[in-house]
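Now for the letters of each chain:
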Amino acid sequence: MAFAIELLNITKGFPGVIANNDVSVHIKEGEIHGLLGENGAGKSTIMNILYGMSKPDEGKICLFGQAVEFQSPMDAIRQGIGMVHQHFMLMPDETVLRNIILGWTPKKGICIDEKRAVAEINDIMEQYGLKVNLKAKINQISVGEKQRVEIIKALYRKVKILILDEPTAVLTPAETDSLLDIMRRLKEQGCTLIFITHKLREVMDVTDNVTVMRKGVVTGFGPTSEMDITKLSRLIVGKEVSTKIPMEKFHPGDKKVLEMKHVSTARRPGRMPLKDVSLVINEGEIVGVAGVDGNGQTDLGEVIAGLIPAESGAVFLDEKDVTRDSIRKRRKKGLSHVPEDRLKTGAARDCTISENLMLNMYNEKPYSNKSVMNQKEVLQTSEELCEKYLVKTPDSNYTIGTLSGGNMQKVVVAREFSSSPRLLIAAQPTRGVDIGATQYIRTKIAELRDSGKGILLISAELEEVMAMSDKIVVIYEGEIVAQFKRGEADEYEIGEYMLGSKRQEVLYGN
Amino acid sequence: METNIWRKRVNGAVRAISRQLCMLVVAIVIIMVFLAVSGYSPFTVLKGLGRAFSQDLSGTIRWSTPMILAGIAICIPFKAQVFNLGVDGQIYLGAIAATWVALALPENSPPAALILVFLAAAIAGAVFALIPAVLNVYCSTDIIVTTLLLNFVGQFLTEFMASEVMRDPEKLTQVNASKTLPQNLWLPKLSAFGNSSANVGIYIAVAVALLAAFLFFKTTHGYEIKVVGSNANFARYGGIRSSRVILKVMALSGAVSGIIGAIEVTATQHRLIASFNPGIGFDGIVVSLLANNNPLGVLISGFFFGGLSNGGNVMERVTDVPHIVTQIVMAIIILTISANITLKHLKRKKEAGSK
């Protein structure tokens, strides 16, 4: 069978790291090819090379047997290669429709033929069961929807080869299943798909062949049927990992670390406001929030952290009213917050890793004294944190923008976990993070809980919520519609509440 | 490790400047062609610049002072992604305040009273810069537009003060100027250059630049400024109030601008003249950009621009090239250098996009 793509002996270096070292990948026509590896293994780098976004230092690319050289993504698109990025490449202030047709615009004279575009896109949406409101602005839609826009965008360009860079990281289980279906349907129609992920179940489910990378080199490849989960994890991390999180027996303290009483938030464009949310988190307890993306999770995290005001109701931290307190005051009172969007909120790209780590401590001794920073202490602590939280970087003076997504998240986690919080809001803490780091972050969250902290875990991954939480609340359209203790409900039952087909009545009071 | 960072910073500044020097060579070649075509000797430009940096070093120092300070006034808010295009207006306000205080002080005040004069100028500049900052923070007006427009307010206010309110009634021929300041309130000249225009202002400029560098690299204020400039969302999430940082950087920038006004009045003009400012504020933008908004780099690029400025004047004096042509020559230099900066930025953007 012919190879659709051959990447031959690709080498690519960035300052301080070799991202790809003599990497070869062979992808057959009409297959779903899984590309696996931890964050920083070099998966995104090799795909960016294939997509024409960066050029290899050495090696060549063959497309259907012919050597090609891409100067830019436009060249790649013209050859039928589409890519859905991990960090979406959309214009926030434009409509979904305009984002989709950008650079591929049907014209009527000198005007944009929107009618034709809409008709064509509706056909695509129907054919593949992808639904998005074409008139909405990008900054008004959820992360899951943005991804669908990216996929439609690629389909609209009639790609023959589609690269999906960690597409399921941001999706709910149901959405993931439908994406996998879409991928199968695309394959039936002769598309070749490259599926970058580190979720092994999905790989086993949907791929025909896999290539595994680690630290910039290929550690294994072959048909999926000859692989199993243990073998793959060994290839990915170099050793077997246990997926169980060590946690002590549930022993909540008496004190309420967080209490929300009838909190509502104001309506904002593109956001689901909270309606009369009441919630209690005790010492030594993890409360997990399950829900489909865009049902008020963002407002929930931000109203507790103080990023948005509560329109009505009250928030108590350690049994003290903090509803009117500023963000800094809340942080001083022991609040930590891993925000859901690390690029927009969790990190400053142009600042160094060290500067990103210092956000909560820069104005405290010993890091500064009467406004004068102590660079030595700052650097020492930064280096220690990088080492402790396994951030892969030569040193902490590099800008954080040079790190891969997972490593960036480790920096955010290092900063928020190390400030010895009373309450930790962890919003999507393991989104787009590799197996090793996910395991590590979860273990750290469990450690915090065992040492008597309260944790609010907001995650789009139901599996994560169920594995970690002592109490699960389900959020639907800004309201808490159900509450379970660990083990009281299985994922199917929770799923029904997540989709709004069921709701419990009395919820507040324990 | 710490010394490494400093070495990195200084190296960065030096490298940025030396790259610009190469562009200067390109600019000079263009100018020589321009002069030859226009019928002047193509070597006049070299003669002027050569003299500015050798025989007439004092003039270069005199012009470096405002250039360095204007560069600092631009780069402080720029780090927080705030664009103060109103440096010129703030210079005018500083000059008015300095003149006012200097004339209001008793005739035989000791030179130490200059501190009061400078303080008044800094405060006036800061207050004038806070107007657009407050409007921006509380009414979300565009700070670029307001600062730019306030330049005219500053300029016409100076004209009004010089020709009406503070006008010297005894000198009927000099219409648009205030009374001359008492001699003991003149900023001293640099003794090494004898009777020249080089003055102690250069020490002030260097001190301000070093202070700005300290502020940026060594204090929590500098950290906040950088964080706000790099990602305002991130700053807010960490509990930093961007509005306070904006007010802070604008006040500092205005104070530095005010000091320029005070130096121009006390060291060079010795009175308030309506049109003493040849657009130093806008030169400051180029000075700051040249140095990649690094205050240590501004020291070098400010000195370099002082030389260019002075070179233009010298060219006028030693050759038969008319004033307007030297202005065109200056413009060519500035355009070439800023084109290089723009190209570099575009290239970096493209690289960032391809990552």
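As the structure is a prediction and not an experimental result, all values here were calculated from the model.

What counts, and where the lines are drawn
- Residues numbered from 1 in each chain as written.
- Chains lettered and ligands numbered in written order.
- Predicted model: local features only at pLDDT ≥ 70, side-chain atom pairs only at ≥ 80, totals over all residues.
- Heavy atoms only, no water.
- Helix = DSSP H or I, 4+ residues; strand = E, 2+ residues; numbered from the N terminus.
- Rg over C-alpha atoms; globule rule 2.2 N^0.38 Å.
- Buried < 20%, exposed > 50% of the residue type's maximum accessible area, 1.4 Å probe, protein only.
- Areas by Shrake-Rupley, 256 points an atom, 1.4 Å probe, with all protein chains shown as cover.
- Contact = heavy atoms within 4.5 Å.
- Salt bridge = Lys/Arg side-chain N within 4 Å of Asp/Glu carboxyl O.
- Polar contact = N/O pair within 3.5 Å; in protein donor to acceptor, adjacent residues only side chain to side chain.
- Nonpolar A, V, L, I, M, F, W, Y, C, P; charged D, E, K, R; others polar.
- Pairing = 2+ DSSP bridges.
- Domains from an automatic or database assignment.
- Buried area = accessible area lost by both parts, 1.4 Å probe.
- Axes fitted to C-alpha atoms, helices over the stretch in contact; angles between N-to-C directions.
- Core = buried A, V, L, I, M, F, W, Y, C linked by side-chain atoms within 4.5 Å.
- Parallel < 35°, antiparallel > 145°, perpendicular 65-115°, else oblique.
- Left-handed = near helix turned anticlockwise from the far one by under 90°.

## Quick look at the overall build of chain B
Scanning chain B for helices and strands turns up 13 helices and zero strands. Across chain B, helices and strands are ordered from the amino to the carboxyl terminus as α-α-α-α-α-α-α-α-α-α-α-α-α. Its C-alpha atoms give chain B a radius of gyration of 21 Å, near enough to 20 Å, the size a compact globule of 355 residues would have. Once the C-alpha set of chain B is aligned to its principal axes, its extents read approximately 65 × 50 × 40 Å. For chain B, the proportion of its 355 residues judged to be buried stands at 53%. Total accessible area computed for chain B in this model is approximately 15,700 Å², and 67% of it derives from carbon and sulfur atoms.

## Thoughts on the interface of chain A and chain B
Across the contact, 38 residues belong to chain A and 27 residues belong to chain B. The interface formed by chain A and chain B holds one salt bridge in total. At the junction of chain A and chain B, the tally comes to 15 residue pairs in polar contact (both at pLDDT 80 or more). Elements with a contribution of two residues or more to the side of chain A that touches chain B: helix H10 (327–332), strand E18 (335–338), helix H11 (342–346), helix H12 (353–357), strand E20 (372–373), helix H13 (375–388) and helix H14 (405–417) of chain A. Its residues placed into classes, the side of chain A that touches chain B shows 17 nonpolar, twelve polar and nine charged.

## Examining the pairing of strand E14 (residues 277–282) of chain A
All names here are of chain A. Extensive coverage of E14 is indicated by the burial of six of its six residues. Taking every second residue as pointing to the same face, both faces of E14 are buried, with Val277, Leu279 and Ile281 on one and Ser278, Val280 and Asn282 on the other. Across five bridges, strand E13 (residues 256–264) lies against E14 in antiparallel orientation. Each residue of the ladder has a partner; that of Met260, found in E14, is Leu279.

## Here's the deal with the pattern of salt bridges
Applying the stated criterion across every chain yields a total of 24 salt bridges over all chains. Glu264(B) is the salt-bridge partner of Arg62(B), the closest N and O atoms lying 2.8 Å from each other. On the criterion of sequence distance, the pair formed by Arg62(B) in helix H3 (residues 57–79) and Glu264(B) in helix H10 (residues 242–269) is long-range, its members being 202 residues apart. Take Arg62(B) and Glu264(B): they sit in the same class, and that class is buried. One network of salt bridges, in which partners are shared, links Arg449(A), Asp450(A), Asp470(A) and Arg486(A).

## Regarding the domain arrangement of chain A
All names here are of chain A. Structurally, chain A comprises domain 1 (3–237), domain 2 (249–334 + 422–510) and domain 3 (345–419). Here domain 1 and domain 2 have C-alpha centroids that lie 33 Å from each other. Taken together, the contact between domain 1 and domain 2 spans 18 residues of the former and 15 residues of the latter. The junction of domain 1 with domain 2 conceals about 1,300 Å² of combined surface from both sides, 57% of it contributed by carbon and sulfur atoms. Across the contact surface, domain 1 and domain 2 share zero residue pairs in polar contact (both at pLDDT 80 or more). Looking at the side of domain 1 that touches domain 2 residue by residue, the class counts come to seven nonpolar, eight polar and three charged.

## Digging into helix H8 (residues 220–230) of chain B
Most of H8(B) sits out of view: eight of its eleven residues are buried. Taken residue by residue, H8(B) has Thr220(B), Gly222(B), Tyr223(B), Glu224(B), Ile225(B), Val227(B), Val228(B) and Gly229(B) as its buried positions.

## Topic: helix H9 (residues 297–305) of chain A
Residue and element names in this part refer to chain A. Counting buried positions along H9 yields eight of nine residues, so the element is predominantly enclosed. The set of residues buried in H9 consists of Gln297, Asp299, Leu300, Gly301, Glu302, Val303, Ile304 and Ala305. Two residues or fewer past H9, Gly306 is found with a positive phi of approximately 90°.

## Here's the deal with the sheet that holds strand E9 (residues 161–165) of chain A
Residues and elements named next belong to chain A. With mixed pairing, the six strands of this open sheet are ordered in space as E6-E9-E10-E3-E11-E12. Both outer strands of the open sheet, strand E6 (81–84) and strand E12 (217–223), are each paired with one neighbouring strand and no more. The sheet shows a mean angle of 15° between the axes of neighbouring strands, taken without regard to direction. When strand E3 (residues 32–36) meets strand E10 (residues 192–197), the two strands line up parallel, connected through five bridges. Residue pairing in the sheet places His33 in a bridge with Ile194 of E10.

## Quick look at the pairing of E3(A)
Taken across its five residues, E3(A) has five buried, putting it largely inside the fold. Judged by which residues are buried, E3(A) turns out to be covered on both faces: Ile32(A), Gly34(A) and Leu36(A) on one side and His33(A) and Leu35(A) on the other are all buried.

## Structural notes on the nonpolar core
Counting residues in each nonpolar core, the largest one holds 137 residues, and the members touching the most others are Ile445(A), Ile72(B) and Leu272(B). Ranked by residue count, the leading element in this core is H10(B), at 13 residues. When residues are assigned to domains, this core turns out to be shared by domain 2 (249–334 + 422–510) and domain 3 (345–419) of chain A, each giving three or more. With near-sequence residues (within four places) excluded, Ile72(B) lies in contact with Val208(B), Ala209(B), Ala212(B), Val256(B), Pro295(B) and Val298(B).

## Some words on the sheet that holds strand E24 (residues 479–485) of chain A
All names here are of chain A. The strand order E18-E21-E22-E15-E23-E24 describes an open sheet built from six strands, whose pairing is mixed. The two strands at the open ends of the sheet, each matched to only one other strand, are E18 and E24. Along the sheet, successive strands turn relative to each other by an average axial angle of 15°, direction set aside. Pairing geometry for strand E23 (residues 471–476) and E24, over six bridges, is antiparallel.

## Some words on unusual backbone geometry
Residues and elements named next belong to chain A. Omega for the bond connecting Lys365 with Pro366 falls within 30 degrees of zero, at 0°, which places this linkage in the cis form. Note on placement: Pro366 falls in the loop between H12 and strand E19 (368–369). The phi torsion at Leu390 lies on the positive side, around 55°, for a residue other than glycine. Structurally, the position occupied by Leu390 is in the loop between H13 and H14.

## What about the packing of H3(B) against H10(B)?
Residue and element names in this part refer to chain B. For the pair H3 and H10, the least separation of the axes is 7 Å and the interaxial angle reads 170°. Put simply, H3 runs roughly antiparallel to H10. Of the residues in H10, those touching H3 at Arg62, Thr65, Pro66, Leu69, Ala70, Ile72, Ala73, Ile76 and Pro77 are Val249, Met250, Leu252, Ser253, Val256, Ser257, Ile259, Ile260, Ile263, Glu264 and Thr268. Of the residues assigned to the contact of H3 with H10, the class counts are 14 nonpolar, four polar and two charged.

## Thoughts on the packing of helix H5 (residues 114–139) of chain B against H10(B)
When two helices pack together, their arrangement is given by the angle between their axes and by how far apart the axes lie. All names here are of chain B. Running from N to C, H5 and H10 point in directions that differ by 140°, and their axes come no closer than 6 Å. Here H5 is positioned oblique relative to H10, judged by the angle of their axes. Where H5 crosses over H10, the two elements pack in a sense that is right-handed. For the contact of H5 with H10, the per-class residue count stands at 20 nonpolar, six polar and no charged.

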